[in-house]
Each structure stands twice: as C-alpha cells, then as structure tokens.
Amino acid sequence: MSTESQLRADIVEVGRRMYARGYTASNDGNISVRLGSARLLMTPKSVCKGFMTPDMMCITDLDGRKLQGDRDPSSEMLMHLEVYRQRPDVAAVVHAHPPTATGFAVAGIPLDRAVLAEVIATLGSIPIAEYATPSTQELPDAVRKYIKAHDGMLLANHGALTVGADLFGAYYKMETVEHFAKISLVARMLGRENLIAREEVLRLQELRGTYGINAPAPICADETTAAAVDPASCQVVQAPAGGGARLVPDVLPPSRAAEISARFGVASADGDGEIRLTYRELSELIEDAIRNLR
Ligand SMILES: [Zn+2]
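The shown structure was predicted, so the numbers you read here are calculated from the model rather than taken from an experiment.

Colleague: Sorry, what's going on with the layout of surface pockets here?
Modeller: The gaps left among the atoms become clear once a water-sized probe is rolled over them. Of the voids in this model, the largest pocket is the one considered here, and its volume is about 260 Å³. Every residue lining the largest pocket is counted, 15 residues in all, and those nearest its centre are Asp151, Gly164, Ala165, Lys173 and Asn214. Elements that contribute at least two residues to the lining of the largest pocket include exactly β8 (159-164) and α6 (167-190). Tallied by class, residues from the lining of the largest pocket come to 6 nonpolar, 4 polar and 5 charged.

Structure (structure tokens):
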C-alpha cells in the first residue's frame, strides 16, 4: 500500500496529465483514492487539476464527512462514494470530460462494439449512464446501474468515469476510453467499422485469465441473451456471429467519401469504398472531428 504522501503526489501527477491531454478544462474533473480501509483521499472542489499541489487534497470517511484538509472535497464526491460502496475491489476513481469520449456521451452512442481487441480484453464494453444533474444524488444513482460490471463508462451529456485497483490503473483506463473513442470516430468517418467476430470476442475473454486481467463481470456477446441481460452482471459487447460479418452497414454517404478523397487527393483503391490515408492525413481528420465536437 502506498504511503499517504506518495498518493498525494500521484493525484497531483494524474491531474496534471489529464489537464495536459485536454481531458479536463478549467476546474473540471475529480480524482480519489482509498486511504486504508475507512478513509478516502480526494481532490478538492474548484481547483484546476493541472495545477494542484499535494497539500490541497481532502481526507474524508466513506460517508463523505471531511476529516482533514483546508478545502472542501470534490463536488462529485457522492459519485465517488457510490463507486467505493459498490466495488470493494476498487481503490481509485477518476472522472474527466475527455472531448471525443464525451462527444459519444452527448450523441448517446455507447462504446460497446467489438472493435479493438485490447479494449475488449480490458474494459469489455463502455456503456452510457443515463443523464443526471452533476453534483446531485442523481449522478450516483445513474452510475450504480453499471458500476458493478464495468470499470469504465460514459456519463450522458457530461463526461466519463473510470475506476481501478490503483490510481494509475484507473487513469490509464481513462486514456483507453478516450483513445478508443478517437479510433471509433475515425472508423465511422471513413465509413465502416469492421467488427471482431463473436467467437474471437469469447477467445479474448479467455485471455483475461491468461494475462491476469481482473474484470468485474464477464462479456455477453450474444445479442439474444445480451438484450435481456442485466448491466450489473455483464459487459454487453456487440459482435457478429460467424467470422467477421459486419453488424452495421456503411455510414459514410458516397458524397462524403468523395469529399475526403478529393481533400487528400486519394482515390478509393478498388471501388470497395476503402480510402487509404497517411498518418498525417488521419491526424488531420481526427483534429477536424474533435474541433467539431467542441
Ligand atoms: Zn464532470
């Protein structure tokens, strides 16, 4: 177990990284860690996460009573308390507003398709908790439905939440959620998301054991059972049966494909709608998309 002074320094560092990567603006976001079995160390209300110092943190009990600190605890403390109540295995909670993932949360599109092997093996699916007024009891109520089975979720019209067995584990999941959102956005802009087959998703689930990934719930990839499944007991991943069939049709209309082709002077290689871009061109498209999300 890390010492309190190390945990204070780690929260400062995670806050600095989140702000530097644009996951939070102004005073957005909050971070907490367990301090022993009965206390929490938490970021304070109304500070920029990019410029914190170790002495700013608050210590509370598991009911949110402040035990130590000059400042008041985070305005989203109720959400953090709910996570620790529901998940004894969780020792750290990170909340931020990363722009691409939050764009999906605003659009009401969960990140639950079988697209990236590493995301399936680690987070499984990333659902959207229903909209709730920030800082009120509504938010922990919305999070409760999903937190038992998920280490990462989007918060409708708000942001994202990740949890872990330690602070950096929770923070890296926030990076994964945002990275996945960017990749998914680009794939959708290019017109297709080829999904990983259900059989492969189940193989990835087995790899969790091999790699010692502690997922809070198994993956459900069969839509007949997934539709009826409780989000508190299962990670619902959309994956087609039978070797790479596409679950969703192309979403890029021909006019948009032509526009992208013209902009970068590239042609669809063999009339199959596939457009090949350089890394720089791809980066421009991502930046465009992020600007549009803001
Ligand atoms: Zn927030």
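Read on for the rest.
Colleague: Hey, could you run me through the coordination of the zinc ion in this one?
Modeller: Ideal values for angles at a metal depend on the geometry: 109.5 degrees with four tetrahedral donors, 90 or 180 degrees with six octahedral donors. Looking at the metal site, the zinc ion is ligated by His95 (NE2), His97 (NE2) and His158 (NE2), spaced 2.1 Å from it. Counting the intervening residues between successive donors of the zinc ion yields the motif H-x1-H-x60-H. Taken as a pair, His97 in the loop between β5 (92-96) and α3 (99-107) and His158 in the loop between β7 (152-155) and β8 lie far apart in primary sequence, 61 residues in all. Residue classification places His158 among the buried positions, given a relative accessible area of 10%.

Colleague: Before we go on, may I ask you to explain the environment of Pro231 in this structure?
Modeller: Relative to the helices and strands, Pro231 is located in the loop between α8 (223-226) and β10 (235-236). Spatially, the C-alpha atoms of Pro231 and Tyr146 are 5.6 Å apart, while their sequence positions differ by 85 residues. Among all residues touching Pro231, those that are not within four sequence positions of it are Lys145, Tyr146, Ala149 and His150.

Colleague: Any chance you could explain the packing of helix α1 (residues 4-20) against α6 here in plain terms?
Modeller: Packed helices, taken two at a time, are described by the angle their axes make and the gap between the axes. Viewed as axis vectors pointing N to C, α1 and α6 meet at an angle of 10 degrees, and their least axial separation amounts to 10 Å. Our classification of the angle between α1 and α6 gives roughly parallel. Listed contacts from α6 to Asp10, Ile11, Glu13, Val14, Arg17 and Met18 of α1 are Leu167, Phe168, Tyr171 and Tyr172.

Colleague: What's the story with the packing of aromatic side chains in this structure? I'm lost.
Modeller: To describe a pair of aromatic rings, one takes the distance between the centres and the angle between the planes. Scanning all chains against the criterion turns up 3 aromatic pairs. With a centroid separation of 5.6 Å and an interplanar angle of 65 degrees, the aromatic rings of Tyr19 and Phe51 are classed as edge-to-face. Here Tyr19, found in helix α1, pairs with Phe51, found in the loop between β2 (39-42) and β3 (58-61); they are 32 residues apart in sequence, far enough to count as distant. Under the relative-accessibility criterion, Tyr19 is labelled partly exposed at 33%.

Colleague: Whenever I open this one, the pairing of strand β1 (residues 30-35) confuses me. Can you help?
Modeller: Walk down a regular strand and you will see the side chains alternate between the two sheet faces. Burial analysis of β1 places 6 of its 6 residues in the buried class, the great majority of the element. Residues Asn30, Ser32 and Arg34 line one face of β1 and the alternating positions Ile31, Val33 and Leu35 line the opposite face, and both faces are buried. Where β1 lies against β5, 4 bridges are found, and the strand directions are antiparallel. Of the residues in β5, the one forming a bridge with Ser32 is Val93. As paired elements, β1 and β2 share 4 bridges and run antiparallel to each other. Considered in β2, the bridge of Arg34 is made with Leu40.

Colleague: What am I meant to see in helix α7 (residues 198-211) here?
Modeller: An α-helical turn contains 3.6 residues, so a residue and the one three or four places further along point in the same direction. The terminal C-alpha atoms of α7, which comprises 14 residues, lie 20 Å apart, in line with the 20 Å expected from a rise of 1.5 Å per residue. Every buried residue belonging to α7 is among Arg198, Val201, Leu204 and Arg208, and all of these are buried. On an axial view of α7, the arc spanned by its buried residues comes to 105 degrees, and they lie on one face. Exposed and facing more than 90 degrees away from the buried side of α7 are Glu206, Gly209 and Thr210. Directly after α7, the chain includes Gly212, whose backbone phi takes a positive value near 65 degrees.

About the cut-offs
Residues numbered from 1 in each chain as written. Predicted model: local features only at pLDDT ≥ 70, side-chain atom pairs only at ≥ 80, totals over all residues. Heavy atoms only, no water. 1 Å grid on protein atoms, 1.4 Å probe; cavity = no way out; pocket = protein on both sides within 12 Å on 5 of 7 lines; lining within 4 Å. Points joined across faces, edges and corners; volume = space filled by probe spheres on them. Helix = DSSP H or I, 4+ residues; strand = E, 2+ residues; numbered from the N terminus. Nonpolar A, V, L, I, M, F, W, Y, C, P; charged D, E, K, R; others polar. Donors = N, O, S within 2.8 Å, 3.2 Å for Na, K, Ca; no water. Buried < 20%, exposed > 50% of the residue type's maximum accessible area, 1.4 Å probe, protein only. Contact = heavy atoms within 4.5 Å. Axes fitted to C-alpha atoms, helices over the stretch in contact; angles between N-to-C directions. Parallel < 35°, antiparallel > 145°, perpendicular 65-115°, else oblique. Phe/Tyr/Trp six-rings, centres within 6.5 Å; stacked < 30°, edge-to-face > 60°. Pairing = 2+ DSSP bridges. Expected span 1.5 Å × (residues − 1). Arc of directions from axis to C-beta.

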